[in-house]
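Residues per chain, in single letters:
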Amino acid sequence: MGRPVLIAAAAALLLLLPGAGAAVTRLRVSANFECRATADSTLSRPRCRRPARPGPPPLMPPALALSTARLCLPSQPCQPCLRVRLALPAAGLDDVRGLQLNFLELGSNRAGWLQVWRRHRAPGSSPWQVQFDCFPAESGRQVLVSLRTIPDRGLAISRSHLIAAEPPGPVFTHTWVPEVRAIEVWVPEGPALMVRLCHQLALECEELPRPFHRQVLVPGGHHVSLPYEFLVPCLCIEASYALHDSPRSKRCPFRDQPAAYGPELWSSVRFHDYSASSKDQMAMVLSTSCPLRPRATLCWREVADETAPCHDIPNSTASEEEQAYTLDKVDVHPQLCFRFSYGNSTHVECPHRQETAWNVSVSARGLQLHLRLTSSIPAAFSAALCQRRGGQCEPEAPLYTVTQLEGSAPGELALLLPVQVLGSCVLVWRSDVRFARKQLLCPDVSRRHFGLLGLALALGLVVTVLLFNCRGTWRPAAGAPGGRPVLLLYSPDSEEHLGLVCALAERLRAGLGCDVRLDLWEAGCVGQTGALPWLYAQRGRVGRQRGTVLLLWSRGSTRLFRRWRVGAAGGVPEDAHDIFGAAMACLHGELGAAGRGGGWVLAYFSRLCSPRDVPRPLRPLPTYRLPRQLPGLLGALRGSPPAPRRCRRGRAEGLLHRLLEAGAGEGSPPPRDPGAAAGT
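Let us look at the structure shown here.

Conventions adopted
- Residues numbered from 1 in each chain as written.
- Predicted model: local features only at pLDDT ≥ 70, side-chain atom pairs only at ≥ 80, totals over all residues.
- Heavy atoms only, no water.
- Helix = DSSP H or I, 4+ residues; strand = E, 2+ residues; numbered from the N terminus.
- Buried < 20%, exposed > 50% of the residue type's maximum accessible area, 1.4 Å probe, protein only.
- Contact = heavy atoms within 4.5 Å.
- Areas by Shrake-Rupley, 256 points an atom, 1.4 Å probe, with all protein chains shown as cover.
- Pairing = 2+ DSSP bridges.
- Axes fitted to C-alpha atoms, helices over the stretch in contact; angles between N-to-C directions.
- Polar contact = N/O pair within 3.5 Å; in protein donor to acceptor, adjacent residues only side chain to side chain.
- Phe/Tyr/Trp six-rings, centres within 6.5 Å; stacked < 30°, edge-to-face > 60°.
- Lys NZ or Arg CZ within 6 Å of the ring centre and 35° of its normal.
- Expected span 1.5 Å × (residues − 1).
- Arc of directions from axis to C-beta.
- Disulfide = S-S within 2.5 Å.
- Right-handed = clockwise from strand over helix to strand, strands pointing away.
- Salt bridge = Lys/Arg side-chain N within 4 Å of Asp/Glu carboxyl O.

Describing the overall build of the chain
Looking only at helices and strands, one finds 12 helices and 42 strands in the chain. By the burial criterion, 47% of the 680 residues in the chain qualify as buried. Considering only contacts within the chain whose residues lie at least 6 apart along the sequence, 66% involve residues at least 24 apart. Within the structure as shown, the chain displays about 33500 Å² of accessible surface, and the carbon and sulfur contribution to it stands at 53%.

Some remarks on the pairing of strand β17 (residues 215-218)
Residues Val-216 and Val-218 line the buried face of β17, whereas the alternating positions Gln-215 and Leu-217 sit on a face that is not buried. Where strand β15 (residues 193-200) meets β17, four bridges bridge the pair, whose relative direction is antiparallel. Bridge pairing links Met-194 to Leu-217 in β17.

Points about the sheet that holds strand β27 (residues 336-342)
Read from one edge to the other, the open sheet built from four strands follows the order β24-β23-β27-β28, with strand pairing classed as antiparallel. The open sheet has two edge strands, β24 (310-317) and β28 (345-349), and neither has a second partner. Direction aside, neighbouring strands of the sheet carry axes that sit 35° apart on average.

Examining the sheet that holds strand β37 (residues 439-441)
Across the sheet, four strands lie side by side as β34-β31-β36-β37; this open sheet has antiparallel pairing. Two strands close off the open sheet at either side, each with one partner strand: β34 (400-404) and β37. When strand polarity is set aside, the average angle formed by the axes of neighbouring strands in this sheet is 25°. Pairing of strand β36 (residues 425-430) with β37, which is carried by three bridges, proceeds in the antiparallel orientation.

Points about the side chain of Arg-517
Structurally, Arg-517 can be placed in strand β39 (residues 515-517). Looking at Arg-517, its side chain comes within polar contact range of the side chain of Asp-515, at 3.4 Å. Here the side chain of Arg-517 touches Gln-538 through a polar contact of 3.1 Å, side chain to side chain. In contact with Arg-517, other than residues within four places in its own chain, are Val-486, Leu-487, Leu-488, Glu-522, Gln-538 and Arg-541.

Observations concerning the packing of aromatic side chains
Evaluation of the coordinates by the stated rule reveals 12 aromatic pairs. Ring geometry for Phe-561 and Trp-564: centres 5.7 Å apart, planes at 40°, overall tilted. Taken together, the positions of Phe-561 and Trp-564, both in helix α8 (residues 555-569) and three residues apart, correspond to about one turn of that helix. Of the two residues, Phe-561 and Trp-564, neither departs from the other in class, the shared state being buried. Feature note: the residues Trp-266, Phe-271, Tyr-325, Phe-338 and Phe-340 constitute an aromatic cluster, connected by ring pairs. Looking at Arg-118, its charged tip hangs above the ring of Phe-33, at a distance of 5.0 Å from the centre. Sitting above the plane of the Trp-429 ring, Lys-438 keeps its charged end 4.7 Å from the centroid.

Digging into helix α7 (residues 531-544)
With 14 residues, α7 extends 20 Å between its outermost C-alpha atoms, agreeing within 8% with the 20 Å of an ideal straight helix rising 1.5 Å per residue. All of the buried residues along α7 are Ala-531, Leu-532, Trp-534, Leu-535, Gln-538, Arg-539 and Val-542. Viewed end-on, α7 has its buried residues packed into an arc of 160°, placing them on one side of the element. Two residues or fewer past α7, Arg-546 is found with a positive phi of approximately 55°.

A closer look at the state of the cysteines
One pass over the full model with this rule turns up nine disulfides. A sulfur-sulfur distance of 1.9 Å marks the disulfide that ties Cys-234 to Cys-290. With the S-S dihedral at roughly -80°, the linkage between Cys-234 and Cys-290 falls on the left-handed side. You can see Cys-234 sitting in the loop between β18 (223-227) and β19 (235-241) and its partner Cys-290 sitting in the loop between β22 (281-287) and β23 (295-301), a full 56 residues away along the chain. Taking the relative accessible area as the measure of exposure, Cys-234 reaches 4% and is therefore buried. The exposure class assigned to Cys-290 is buried, which follows from its relative accessible area of 3%.

Re unusual backbone geometry
Omega for the peptide link from Ile-150 to Pro-151 comes to -5°, which places this bond in the cis form. The topology assignment puts Pro-151 in the loop between β11 (142-150) and β12 (156-162). In this structure, Arg-181 is a non-glycine residue whose phi angle is positive, near 55°. Among the secondary structure elements, Arg-181 is positioned in the loop between β13 (173-177) and β14 (182-186). Judged by its relative accessible area of 31%, Arg-181 falls in the partly exposed class.

Quick notes on the pairing of strand β38 (residues 485-489)
The side chains of a regular strand alternate, residue by residue, between the two faces of the sheet. Summarising burial for β38: five of the five residues are buried, a large majority. Here β38 shows two buried faces, one formed by Pro-485, Leu-487 and Leu-489 and the other by Val-486 and Leu-488. Pairing of β38 with β39 involves three bridges; the strand directions are parallel. Note that in β39 the partner of Leu-487 across the bridge is Arg-517. Handedness of the crossover is the feature at issue here: the chain leaves β38, passes through helix α5 (residues 495-512), returns alongside β39, and the resulting connection is right-handed. Pairing between β38 and strand β40 (residues 548-553): four bridges, direction parallel. From the neighbouring strand, Leu-489 faces β40, where its bridge partner is Leu-551.

Looking at the pattern of salt bridges
All chains considered together, the criterion is met by 18 salt bridges. Across the salt bridge formed by Glu-238 and Arg-196, the nearest N and O atoms sit 2.9 Å from each other. Residue Glu-238 is located in strand β19, and its partner Arg-196 is located in strand β15; the two are separated by 42 residues in the primary sequence. For Glu-238, a relative accessible area of 8% gives the class buried. Residue class for Arg-196 comes out buried when judged on its relative accessible area of 14%. A salt bridge links Asp-331 to Arg-430, with the shortest nitrogen-to-oxygen separation between them at 3.8 Å. Residue Asp-331 is found in the loop between β26 (324-328) and β27, and its partner Arg-430 is found in strand β36; the two are separated by 99 residues along the sequence. On the basis of relative accessible area, Asp-331 is assigned to the buried category, the value being 3%. For Arg-430, a relative accessible area of 2% corresponds to the buried category.

Right, here's the structure in full:
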């Protein structure tokens, strides 16, 4: 097809489509083929796509059609623009790779160009159908449009279009009447106006929800009162003439008035909570009347009360996308909340679910606190003692840690913390997340705890008296700061036994200056290295420093010892978390190698054990019955001969015996002579 024929055919077909059509919200190109678009700086870079829905009827090629539309870009006032539709024949243009549109606005001489490229060649395909939305133009201006192919194959079409002048928008005045929660709109003398209240979104002004949606025709010289639900920054007044598609006037008087809308802003927001403990994630989605993008940070409340202050957590800003706020590595809790901030207004929203993934309780057991942790998810927990001063309770070293492993069934965890001062509190928190609320627990040492507390206090008091009376005998050796190390091993078979273990360990450390190594005091290290590596490392350290392994026996220890012997005989592998079983294996090996357990000492509390409960393989070990033979045990830990009789059988020993027996309770059979421990 030659050049004159193409030009004649193009000139024979020109379509001018009247009417403004729907508002264009972004520059875009639609085509019936895979395409890409480039443009000069006046048009930026429009998006090119294949329409998902059928558009207007296709044009008969070659054709160029121009029409007026309205361009309403985000954060910009709407303006007239020129929409372009074109069609190119498939025949004779097989090697055409694209097309170019050139624009010129007469009067202002503002020019621009747009190129549309076909991504894939398809010989013999259907005619090209392209629509461009749209070239911005001034009202009342003439716009020239020309079309050519790339490469140029002689097809050229040029057309012009007049952008009709828009009449001025309606004029009105308004008054805010907060007493009746309404806005009065006054229409001056002249034509009637259609007025309404609306919420200005990014591209359109959306009607208010019912029953507040009203669109009223107000005659000239009259006024109307329009009620609103919430006074928000995007609340606007819109007026138009009573004609189809007439110009509109709009005012948003509260956009920059936070003092006016501040009190009601958050009442207009609906918060949807999607926080999940299983994901360690805080997540909330906002449903708002206005396109707000508030900032969200974490804060925590000391009590579950909406009026309680919420303390900010540093560096805890949530990420936001489409009004969905998320923050990961969070211990989800009803008192760990989001603080939303917009301008100078803030609002605190806490998770809506009141249940928590873990709980903790505390009880006093002698000179230590017993923490019970229950968790439905794998997690690590830390605890630290603290003293309340001036309303604050700062954690003190050391930290104690316990972990519920991945894949383990939900269950109960336990931590025992030594108490330095009566009235101590404990802080507990999740340590495997980034943001966690510290829970403060202060145990109630009530009357029901006095027996065991008195038992532990008696032990501490009398050990102190013995140390005072026999300080010359039990003073630590010179050149050994803190005394020789003592590795204290036990079987966790009862709370009473655990309480006595912790009380004795604390007095050995505070009174004798012994370097006591107890797994309950090193829960963090045990959790990091593993129970068995920790035990073997401590045993090696005690051996190198000529210390002592103190094995505190009980009736429960006897049962565990029998179970261990059955498992060892059957070749059952060691449990990686069984410190007691590993200790028995270690002791068995040392007894077998040397014929005696060098550096091992066995002791038992007469209230909880008798000499007959000590297994025969362990009876060669030096054995002490507590409290009667406590002075001898102290001498053995120091590495010296037993203390003189005046120290071991003095008034302090008798006082200790009476207090311990009274604190432990009545009804137990009298223990056998401690001298029989090694031979029974």
